[in-house]
Amino acid sequence: MHPIVRTILQRLGLGLVTLFVVSLILFSSIEFLPGDFGEAVLGQAALPETVAAFRKELGLDLPVHERYLDWLGGMLTGDMGNSFSGRGAGGGQDRSRAVIDLLAPRLANTLFLASMAAIISVPLALFLGITAALYRGSIYDRLVNACTLTTISFPEFFVAYILILIFSSFNQIFPSLANISPDATFWERVYLSALPAMTLTLVIVAHMMRMTRAAIISLMASPYIEMAELKGASKSEIILKHALPNAWAPIVTVIAFNLAYLVVGVVVVEVVFVYPGVGQLMVDAVRTRDVPVVQGCAMIFAATYILLNLFADVIAIITNPRLLHPR
Amino acid sequence: MNSMNTDNDKEEDISSSETAELADQGYSAAGEVGMIKSRRTFRENVWRGLKSAPPTALFGLTVITIYAFFAIFAGFLAPYGEAEIFDLSYAPWDDQFMFGTDQLGRDVLSRLIYGARNTVGIAFVTTLFAFTIGGGLGITAAINNNGWLDNLLSRSVDVLMAIPSLIFALILLSMFGATTLNLIIIIAVLDSTRVFRIARAVSLNVVVMDYVEAARLRGEKLMWILWREILPNIMPPLVAEFGLRFCFVFLTIAALSFLGVGIQPPTADWGSMVRETAGLIQFAKYDLTAAMTPMLPAAAIALLTVAVNFVVDWFLHKSSGLKD
């Protein structure tokens, strides 16, 4: 087998194993609930029959492996069960909602925010990183470096509140609460999510720019670049013909890695701006220990993160000339 | 500065008296070889290191010292108790309450000082814990290079590291409940995977040394090899990693507390302080000091992280011998 195919298959296998482990951990989270959680969810006044019916709905009377397969099948087909909250509503009624109904509109919002941040930050970070590497040691390089090192050290919510202070409290340019209604138009959405997207951009650009700069600098130090310089190639020729073909792998890895980071960074930012996304839903569910909702949200976050990292790995393998043409 | 000068003078005195003696006796090669060289003491080494430190590192060290001072003597320095409630919520900044009070009427300055103890202390304990687990397992895996234990540990760490740690922490907190003890254990275990990687990687270069082989042949136990043969030789990279890991743990705990699932009230903690008073930012135009109330703990977190990063940068630079 071609070594590249084997490496890619290995990576895919590792990704699948990881997803499997995540699903096992998520599934077992229901096992760790205290024994009386039926009463806790349904309220003190719940009849014993209601509690028994609730336990049966969760399938607690079945053996573990059957329940796991059933649960996994549900996850894959979009049936993630019903949330715990609302179960104990008055009159013995069940006002809980399907997790997928809670999740779907919020997922769209989160993806919108993440892609908005990505569209701004990726070109900006690449530009800053490449120019900082080219003018290495200059005042510009030092300035960009100092700024990014500071933003990396700041907690996300600090960056967010500084932006709110500047753009919302002192100058009322953007709203500090991103309460997007479902029927908002595209530009309304962009306007409302301006500050959350700016926060994410600042955090991501710092990481991405530093990694891009490091990748280019280590590349420019390699002997074949020096050779090209010595034989008199122009600066643009060196970058376009010699450096860039080899820089794609690290750069694409950097981008995918940071998009994966974006998926996670979204949680804190969503809570700061009360942005109706998956992150906020998950944090609320963790606080009330609403296990089905946590399972659904966590599965989406983990799957996106793992797939993006896998994508980055595969791109890095494919664009590596040494692996493409083995001796 | 004074003590440094006297140290230097002493050194010069010794060396000049030695040269004078040599001149008296006339030069002999055997004499020079046989002369006992005075080694620098630990204190002199520290001074030499500090003298050559860049201003950013000195700034970082100063900040860390101040934080440690406040954390250790929180009980004496804070004007009021950690959870002491006055019936004046959102009091303005004045003589009685230097930074005002929060939504329940607790003194913000006192909570900031206690926060230094709680937030930094918990992050420090968690990092230590993560290093004990990750470092111990990492070195053990390196000793057992390519054995079943090494493979098992390395593959499970691969899988655990593929899950975003904030999300993983949230899952585990929802499973076991959000208490401070659970928080410490969960973050320590999640973070020990990163420590495992670096500890295993650096000790792989040491386990092949002859003296480790010799220790094994004379029948030393695992703990001896780990503690006396390998650990002293991998200290510099581990210390630098400790700084970086501390920053990461500190920021994660702050983020979780900010989300309301980390350190629980009434324990004073910077992350939850930001969350509780965040609404005041809206009034920045009318009362700037009120808007600063949530910014103070956030800035405290940021300042410590920047300081630790500066020191780690300098340390890495020194131990790697880079002159770039």
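These numbers were taken from a predicted model, which means no experiment stands behind them.

1. Here we look at the domain arrangement of chain A
All names here are of chain A.
Then comes step 1: Entries for chain A in the domain assignment read domain 1 (3-95) and domain 2 (100-324).
Then comes step 2: Just the C-alpha atoms count here: the centres of domain 1 and domain 2 sit 32 Å apart.
Then comes step 3: Between domain 1 and domain 2, a total of about 2100 Å² is buried, with carbon and sulfur atoms accounting for 78% of that surface.
Then comes step 4: Sorting the residues of domain 1 by area buried against domain 2 places Ile4, Arg11 and Met80 first, and these three jointly supply 26% of that buried surface.
Then comes step 5: Counting the contacts that link domain 1 with domain 2 gives one salt bridge.
Then comes step 6: Linking Arg11 and Asp313 is a salt bridge whose minimum nitrogen-to-oxygen distance equals 3.1 Å.

2. Regarding the packing of helix H11 (residues 235-272) of chain A against helix H8 (residues 165-176) of chain B
Then comes step 1: Relative to each other, H11(A) and H8(B) sit at 60°, their axes nearing to 8 Å. Judged on the interaxial angle alone, H8(B) and H11(A) are oblique. Between H11(A) and H8(B), the contacting residues are Val264(A), Val267(A) and Val268(A) on the first element and Leu166(B), Ile167(B) and Leu170(B) on the second.
Then comes step 2: Looking at the contact of H11(A) with H8(B), its residues break down into six nonpolar, no polar and no charged.

3. Focus: the nonpolar core
Then comes step 1: Residues Phe157(A), Tyr161(A), Met282(A) and Trp270(B) are the most contacted members of the largest nonpolar core, which totals 140 residues.
Then comes step 2: At 16 residues, H11(A) tops the list of elements feeding residues into this core.
Then comes step 3: In this view, Tyr161(A) contacts Val272(A), Phe258(B), Val274(B), Ala278(B), Ile281(B) and Met295(B); residues no more than four positions away in its chain are not counted.

4. Some details on unusual backbone geometry
Working note: non-glycine residues mostly have negative phi, and peptide bonds are mostly trans.
Then comes step 1: At Val274(A), a position not held by glycine, the phi torsion is positive, near 50°.
Then comes step 2: Relative to the assigned elements, Val274(A) resides in the loop between H11 and helix H12 (278-288).
Then comes step 3: Unusually for a residue other than glycine, Asn146(B) sits at a positive phi of about 65°.
Then comes step 4: When its relative accessible area of 58% is taken as the criterion, Asn146(B) is described as exposed.

5. Describing the environment of Ala221(A)
Residues and elements named next belong to chain A.
Then comes step 1: Residue position: Ala221 is located in the loop between helix H9 (194-220) and helix H10 (223-230).
Then comes step 2: When its relative accessible area of 62% is taken as the criterion, Ala221 is described as exposed.
Then comes step 3: Separated by 13 residues in the primary sequence, Ala221 and Met208 place their C-alpha atoms 20 Å from one another.

Definitions and limits used
Residues numbered from 1 in each chain as written. Chains lettered and ligands numbered in written order. Predicted model: local features only at pLDDT ≥ 70, side-chain atom pairs only at ≥ 80, totals over all residues. Heavy atoms only, no water. Domains from an automatic or database assignment. Buried area = accessible area lost by both parts, 1.4 Å probe. Salt bridge = Lys/Arg side-chain N within 4 Å of Asp/Glu carboxyl O. Axes fitted to C-alpha atoms, helices over the stretch in contact; angles between N-to-C directions. Helix = DSSP H or I, 4+ residues; strand = E, 2+ residues; numbered from the N terminus. Parallel < 35°, antiparallel > 145°, perpendicular 65-115°, else oblique. Contact = heavy atoms within 4.5 Å. Nonpolar A, V, L, I, M, F, W, Y, C, P; charged D, E, K, R; others polar. Core = buried A, V, L, I, M, F, W, Y, C linked by side-chain atoms within 4.5 Å. Buried < 20%, exposed > 50% of the residue type's maximum accessible area, 1.4 Å probe, protein only.

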